[in-house]
Each structure stands twice: as C-alpha cells, then as structure tokens.
Amino acid sequence: MSIDDLPETFHVTTDDQLRAVSNLTRHRIMAVLRFEPATITQIAQRVGLAKGSSSYHVRLLERAGLVKVVRTRKVRGVTERYYAMAARSIVLPDPGPGQPDVLLRNAVADLEASPADGERYVRMAHLRLTEEQFTELGARLQALADEYRALSDPSLPDASLVFALFQPAPRQQVDQQVEGDAK
C-alpha cells in the first residue's frame, strides 16, 4: 500500500484505539509517521526510545488500526517494515463532561518538552463572540491549519500547531466543580 492511497480520516471509536492514542509516547510516534513512513529503528531514533520499546508501542498502534505497514524490504535476510499512519488525519471523540481532553494533554506535554530557547508562539485570548462569529473563527482556524498542512515538507523541521476554540463552562459550574474536588 502506498501512503498516497491512505484514507483522509480515521475516526477513533473503540476504547482500545483511545487508549493507544492517549499515550504520550505513541502520540509522538504517530507524529513521526505523519509525513513519511519509517522503520522501527528510524522511529526509535527520532523519538529517543530503545528499539524494543519502539517496537512495543508501534505494535499497539498497529493492533488498534492507527498505523499500518505500507511497504517492506529485505535487509540482510530480515524483512524491514515501513510504518505509516492509517489515515492522513486521526479524529478523536469529544471527551465527556469532566473527562480529560487527550489531544490537549498531549499538546501541552509536547509544548513543555520543547526547547525553552526555541522560537514559539503561545497566546491565550478571552473573547466574547456571537454564535456566528464563533463558528466563523473556528472555520478560519481550520482552513489556516489545512493550508499550512498542505505546505508541509517532510525534509523541514517539525512544527506543531494547536488551537482550541471553546465556550468555557459557566462560572457557577466551575466553582461547584472546584468545591467538589476540594472535598
């Protein structure tokens, strides 16, 4: 199978798939495979893992259907497998009320692990928008991310773009949750 033949999206629907993608190491492996196929050895080098650990995590991702073998080749009598994402994008289910947002947790972990002296843009803005403005801003952010994803070149250094546009819980509900957590 060629990476050009991959489906556009893969929807995470099972608990096994969600557990597989929720792990930070596996999240980082999927980031390596996002642009080009790689062997276990290449994945291990790029993520900073031992080959055995890399193999373990890739097998879990493969069993969950999130990555797949896209080509093989013989090297000194051993079959070398090249893995790639199962689709161009992975869609996670929305977390339930009070549940952690896997995507944002992994993004924050990646941000915290990024070089402190590296260039980065982290901003937070509190807005008051109409429903129409909210929807328009979400669409514009998605279009901008899609535009730059199309420009991505696997030979260039990685960059991550994370955005979250949401309507926070009403203040009263947040205060009640904090009180409940304190007990």
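Keep in mind it's a predicted model, so treat the numbers as computed, not measured.

1. Notes on the overall build of the chain
Phase 1 of the analysis: Counting its regular elements, the chain contains 7 helices and 4 strands.
Phase 2 of the analysis: The secondary structure elements of the chain, listed N-terminal to C-terminal, are β-α-α-α-α-β-β-β-α-α-α.
Phase 3 of the analysis: Counting only C-alpha atoms, the chain reaches 65 × 40 × 35 Å along its principal axes.
Phase 4 of the analysis: The proportion of buried residues among the 183 residues of the chain is 22%.
Phase 5 of the analysis: Contacts in the chain between residues at least 24 apart in sequence constitute 61% of all its contacts with a sequence separation of at least 6.
Phase 6 of the analysis: Between the mean site of the 23 positive side-chain charges and the mean site of the 24 negative ones, the chain shows a separation of 9 Å.

2. A look at the pairing of strand β2 (residues 67-75)
Phase 1 of the analysis: In terms of strand pairing, β2 meets strand β3 (residues 78-85) through 8 bridges, oriented antiparallel. Within β3, the position partnered with Arg71 by the bridge is Tyr82.
Phase 2 of the analysis: As consecutive antiparallel partners, β2 and β3 are separated by 2 residues, and within that stretch Arg76 has a phi angle of approximately 50°, a positive value.

3. A word on a nonpolar patch on the surface
Phase 1 of the analysis: A surface patch of nonpolar side chains, amounting to about 340 Å² of accessible area, comprises Leu144, Tyr148 and Leu151.
Phase 2 of the analysis: With respect to the helices and strands, the residue Tyr148 is situated in helix α6 (residues 131-151).
Phase 3 of the analysis: For Tyr148, a relative accessible area of 52% translates into the label exposed.

4. What to know about the side chain of Thr39
Phase 1 of the analysis: Here Thr39 shows up in the loop between α2 (24-33) and α3 (40-47).
Phase 2 of the analysis: Its relative accessible area of 4% is what places Thr39 among the buried residues.
Phase 3 of the analysis: Those residues within four positions of Thr39 in sequence are excluded, and the remaining contacts are Glu80, Arg81 and Tyr82.

5. Points about the pattern of salt bridges
Phase 1 of the analysis: Applying the stated criterion to the full structure yields 6 salt bridges.
Phase 2 of the analysis: With a closest N to O distance of 2.8 Å, Glu80 and Arg73 form a salt bridge.
Phase 3 of the analysis: What makes Glu80 partly exposed here is its relative accessible area of 21%.
Phase 4 of the analysis: A relative accessible area of 44% places Arg73 in the partly exposed class.

6. Describing the side chain of Asn106
Phase 1 of the analysis: Relative to the assigned elements, Asn106 resides in helix α5 (residues 102-113).
Phase 2 of the analysis: Beyond its immediate stretch of four places on either side in the chain, Asn106 contacts Val21, Ser22, Asn23, Leu24 and His27.

7. Some thoughts on α3
Phase 1 of the analysis: Burial in α3 covers these residues: Ile40, Ile43 and Ala44. Angularly, the buried residues of α3 cover 100° about the axis, an arc narrow enough to put them on a single face.
Phase 2 of the analysis: Looking one or two residues beyond α3, the residue adopting positive phi is Gly48, at roughly 80°.

Basis of the calculations
- Throughout, a residue's number is its position along its own chain's written sequence, starting from 1.
- Per-residue local features of the predicted model are confined to residues with pLDDT of at least 70, and side-chain atom pairs are confined, for both listing and counting, to 80 or more; whole-chain, interface and lining totals are unaffected and use all residues.
- Hydrogens are left out, water is left out, and the side-chain values use all remaining heavy atoms of the structure.
- Numbering goes from the N terminus for both helices and strands, where a helix is a DSSP run of H or I of at least four residues and a strand is a run of E of at least two.
- For each residue, the accessible area found with a 1.4 Å probe, counting protein chains only, is set against the maximum for its type, and the residue is called buried under 20%, exposed over 50%, and partly exposed in between.
- Note on definitions: a residue-residue contact is assigned when non-hydrogen atoms from the two residues lie within 4.5 Å.
- Note that His is not counted, nor are the chain ends; the positive residues are Lys and Arg, and the negative ones are Asp and Glu.
- A charged residue contributes its charge at one atom only: NZ of Lys, CZ of Arg, CG of Asp or CD of Glu.
- Strand pairing is assigned whenever DSSP detects at least two bridges linking the two strands.
- Patch definition: residues with relative accessible area over 30% and no salt bridge; like charges joined within 9 Å; nonpolar side chains (Val, Leu, Ile, Met, Phe, Trp, Tyr) joined within 5 Å.
- Where accessible areas are quoted, they stem from the Shrake-Rupley method and a 1.4 Å probe; at the residue level, only the protein chains shown are allowed to cover.
- Salt bridges are defined by distance alone: a side-chain nitrogen of Lys or Arg within 4 Å of a carboxyl oxygen of Asp or Glu.
- Arc, as used here, means the arc of the directions from the helix axis to the C-beta atoms.

The values reported here are purely geometric and, on their own, carry no functional implication.
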